Amino acid sequence: MPPSPVEPPARRTPRSTRRRLLSVAVVCSLSWIGIGIAFGNLDEDTVKAGFLYNFAQFSEWPKSFSSTDPFTLCVEDGSLSPSVVRGLAEEEINGNRLSSKIVPSPVRQGDILACDLLFVGDSAPNAETIVGWARLSPTLLVSDREGFARQGGHIELFRANRNLRFRVNLRTLQTSGVTISSKVLRLAEIVQ
Amino acid sequence: MGNKRNSIGAVVVLLAAGGFSPSAAAEDLNPISRMSLEYLMNVEVTTVSKQPESIQNAAASVHVLRREEIRRAGATTIPDALRLVPGVNVARINANSWAISIRGLRSRFGNKLLIMIDGRSVYSPLFSGIFWDRNNIPIDDIDRIEVVRGPGGTLWGANAVNGVINIITRHSGDTQGRTVEASVGTEERGSLMIRQGDTIGDTATYRLSAEADAYDDSRFADGSSADDAWENGQAHLRVDWVPTADDEVLFEAGINSVAGGGRYTAPLLTPPYSETRSGDVDRYGAYMLGQWARQINARNRLSLQGYVDHRYMDIDTPIAEETRTTSDLQVQHDFALRPDLDLTWGAGYRTTRYDVTADEFSFVVDPESDTFDVYNAFIQASKRLYDDRIELTVGAKIESNSISGTAIQPSARALWKVTPDHSVWTSVSQADRTPSIIETNMELRNAIIPPNTPQNPTSLPLAATITGDDDLGSEQVTAYEAGYRGRISRDLTVDLSGFVNRYEGLLLDTDTGTTRLNTDFGVPFLEVPLTINEQADGTVYGAEVSASWQASPNWQLRGGYSWVHEDLDAPPRSGGNSPSHQVSVQSLYDISPTWRFDTVLRYADELENTGTDAYVNLDARLSWSPTPDIELAITGRNLLFENYEEYGVERVANPQPLASQVERSLTATFTLKF
């Protein structure tokens, strides 16, 4: 299968630059018309946090959470705005308190073991290593890094025009022991 | 983490600190736990939430047509895409000509809309309207089409009288890799689009697209050909470059050619005094555009734009050639004067040089060459009050042109966000339309009354000569508008707007001069000069409703209804070319992750002036996308009828092509990305 258009080969512009280019496009074109227009828009980090919450809500972990165990959602430092991460801490996941924390970048192996869900930044220096570590840990890995799902990450958020979409690597997800509800999977693009 | 954090970090901090943007309000109401995946997938993400407002916060009647809707409607031309916008009245006259309007006063030579492609104005100053065939761009290169119903003169300047259509192409970072799209069909005979996108170093991306299309002839009711087959070839380059973290540069260039034709009724000075003849139309164009923007800080942005657009046209009926070069330079500065007060100001200069060679008695241009200049400056201020729930915007543009002098186009708008999900707005605004070259510098003779007839008892042919007047002033509209926009539930949004437009100085009426003998064209004839005057005026009022409903995670319905009523104090047949009622409903249905079935149902009321019947029609598209890189689609258009007319003859005086029938058609499209 040829590479997906939204998952380009390595010769492309680095992700951060490309995203910058995207945001530029939006602003450039809008500034000339004075009223920029989009139906219901939210800042990107809030939308990403919304996805993380939903992934946590509709997945099952092999371990059983007791009612006092927090659900630990980790975010790599610099990948999402701290205020958005703090906002997540006010939520609950299926009756368990959600504990959101920012873990230092680059992510260390110990952090993975302590997290139920880890959001890896798009410029994480050691994304492939993280994927390798997570094979042995029931930690759901999510990232907006390009090609993350193909590299073995569980869920990759990507941008389609001005919307966010996600793709799931079912094979590595299965080895992690975390299962995602079909309600989520049917909205996903599946990477084999 | 580099650029992204630096640039939007500041905005996030502002948001967290109680902020000014719609996002802040939305967050309060939509705790993260209340946002479903379906909602999140449909919400549009913004990385910067400053001047660009969300549609929810625009104190104007605005509709955005997104790429997905255009693509899934199977549209192959911009007019077909515009059929999806509530309140935009689209009628196909023949295979390559359309009459399109917003809020009434429609004509083939409709002259009250401003159309832009990435900020480049593409209306023709020849008649202040659009040759839609020559402004096609590859449909898959379009990111979205933003339509503003109502005046936009304060920001956009002259010609934004009844509306603004802003076609925005995709960022080249969005179209990386190679794409080939090929179509074959019964009316759109064949189409091939190839596109290549790549990076240039670490800071720039580009896209090069080329497309060729061939469309079949349409037919008249008697089955004869309208001789309007046309071919369209084009190539476009777009480069997006980010030289520094704060600077953004866009460069575009393109060329296009259109070879088409049509059948026209042409006047003759000798018997039989009129004939229907076929005429070719050839158009070529080339343009270059550059934009540079510097983000000085999160709420302070300076932008500069310049373009040169060169066009050539050779038409057979009437026989004429036009060459036109437009150069345009604009500067715009958006900044926050205080936390609750945003200012936008700017200035611009445009110079247009045209040469028209007209070679027939039916069409005379004097002078044949001219240059006109337009200078403008504008300022707009937006103030937010009561925890940002009220937003007041006032502004004005002063524009001075060498045709009709200086005009001021002011507007005042108010928005009340009753709740984050419900807002109401109202506005009063004025906009001008500069007289076109036809209205100032031309003589048109489109009908000859034969000699020795009751209307012309003399022994010479008699022509009614529509004569331009270079003293004409601009047409002016004063528009009163109000609207409501609401999110009724997570899955249902509704938009209502109503308007009353009062027009003054419409260039629709003429003064009848003294009959004189004309011997300039070999055969002597009598002519009655009908000099265009500014006496006509009128009121047009109406309303638009649109709604979008996510009926289920895999089914979306979007629909619109518009009503328009024209009350003109103008000669008969000046109006009545717009349907009083129009409805469209688009259904986007995902049968499975790989199969999609989409339909568009359209209704347009009868046209009082042209005598065209009301119609209902249906377009449908079935697509299969086994991988994200491959798509096969079958599109059926106008499925309910073998053929029907969408338009007719407006006025004898207009040299428009004869209206032909729109036929049922099928098109198969194959798209491959690699």
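### Thoughts on the overall build of chain B
Tallying secondary structure elements over chain B gives 7 helices and 38 strands in all. Across the 674 residues in chain B, those meeting the buried criterion constitute 51%. Taking the intrachain contacts of chain B between residues at least 6 apart in sequence as the baseline, contacts between residues at least 24 apart amount to 63%.

### Re the overall build of chain A
Per the secondary structure count, chain A includes 7 helices and 11 strands. Evaluated residue by residue, chain A yields a buried proportion of 53% over its 192 residues. The contacts of chain A with a sequence gap of at least 6 include a subset with a gap of at least 24, amounting to 55%.

### Overview of the confidence of the model for chain B
Residue and element names in this part refer to chain B. Of all residues in chain B, 92% have pLDDT values of 70 or greater, and the mean over the chain is 86. Contacts of residues 1-30 to residues separated by more than four positions or lying in other chains number 56 contacts, the stretch itself having pLDDT below 50. Counted against residues more than four places away or in other chains, residues 46-53, with its pLDDT under 50, gives 30 contacts.

### Describing the sheet that holds strand β6 (residues 120-121) of chain B
For sheets, the rule is that strands pair by backbone hydrogen bonds, running either parallel or antiparallel. Residue and element names in this part refer to chain B. Sheet architecture is open: 5 strands sit in the order β2-β7-β8-β5-β6, paired in mixed fashion. Two strands close off the open sheet at either side, each with one partner strand: β2 (61-66) and β6. Inspection of the sheet shows strand β7 (residues 142-149) paired to strand β8 (residues 163-169) by 7 bridges, in the antiparallel sense. Its bridge partner being in β8, Arg-149 is matched across the sheet by Gly-163.

### Let's talk about the sheet that holds strand β6 (residues 117-120) of chain A
Residues and elements named next belong to chain A. Taken in spatial order, the 8 strands make up an open sheet running β4-β5-β3-β6-β7-β8-β9-β11, and their pairing is mixed. The open sheet has two edge strands with one neighbour each: β4 (92-93) and β11 (189-191). Alignment of β4 against strand β5 (residues 96-103), held across 2 bridges, turns out to be antiparallel. In the sheet register, Glu-92 faces β5, and the bridge partner there is Arg-97. Along the sheet, helix α5 (residues 127-134) makes contact with β6 and β7 (140-143), crossing β7 at roughly 160°.

### Section: the environment of Asp143(B)
Residues and elements named next belong to chain B. When you line up the elements, Asp-143 lands in strand β7. Taking the number of C-beta atoms within 10 Å as the measure of exposure, Asp-143 has 21 and is therefore buried. Expressed as a C-alpha distance, the spacing of Asp-143 and Arg-170, which sit 27 residues apart in the sequence, is 4.5 Å.

### Concerning the environment of Arg516(B)
Of note, Arg516(B) is situated in strand β28 (residues 516-518). Note: C-alpha distance between Arg516(B) and Glu146(B) (370 residues apart in sequence) is 50 Å.

### Topic: the pairing of β7(B)
All names here are of chain B. The element β7 is extensively covered by neighbouring structure, given that 8 of its 8 residues are classed as buried. Of the pairings in the sheet, the one linking β2 to β7 comprises 6 bridges and is antiparallel in character. Within β7, the position partnered with Ser-61 by the bridge is Arg-149.

### A short note on helix α2 (residues 44-57) of chain A
With 14 residues, α2(A) should reach 20 Å at 1.5 Å per residue; the first-to-last C-alpha distance of 20 Å fits that figure. Counting buried residues in α2(A) gives 13 out of 14 residues, a clear majority hidden from the surface.

### Points about the pairing of strand β10 (residues 188-200) of chain B
Residues and elements named next belong to chain B. Across 8 bridges, strand β9 (residues 177-185) lies against β10 in antiparallel orientation. Paired with Val-184 across the bridge in β10 is Gly-190. The loop that links β9 with its antiparallel partner β10 comprises 2 residues. Pairing geometry for β10 and strand β11 (residues 204-215), over 12 bridges, is antiparallel. Within β11, the position partnered with Ile-200 by the bridge is Ala-204. Counting the residues that bridge the hairpin from β10 to β11 gives 3 residues, and of these Gly-201 lies at a positive phi of roughly 65°.

So, how was this worked out
- Residues numbered from 1 in each chain as written.
- Chains lettered and ligands numbered in written order.
- Predicted model: local features only at pLDDT ≥ 70, side-chain atom pairs only at ≥ 80, totals over all residues.
- Helix = DSSP H or I, 4+ residues; strand = E, 2+ residues; numbered from the N terminus.
- Buried ≥ 20, exposed ≤ 12 C-beta atoms within 10 Å, placed from the backbone.
- Contact = placed C-beta atoms within 7 Å.
- pLDDT = per-residue confidence, 0-100.
- Pairing = 2+ DSSP bridges.
- Axes fitted to C-alpha atoms, helices over the stretch in contact; angles between N-to-C directions.
- Expected span 1.5 Å × (residues − 1).

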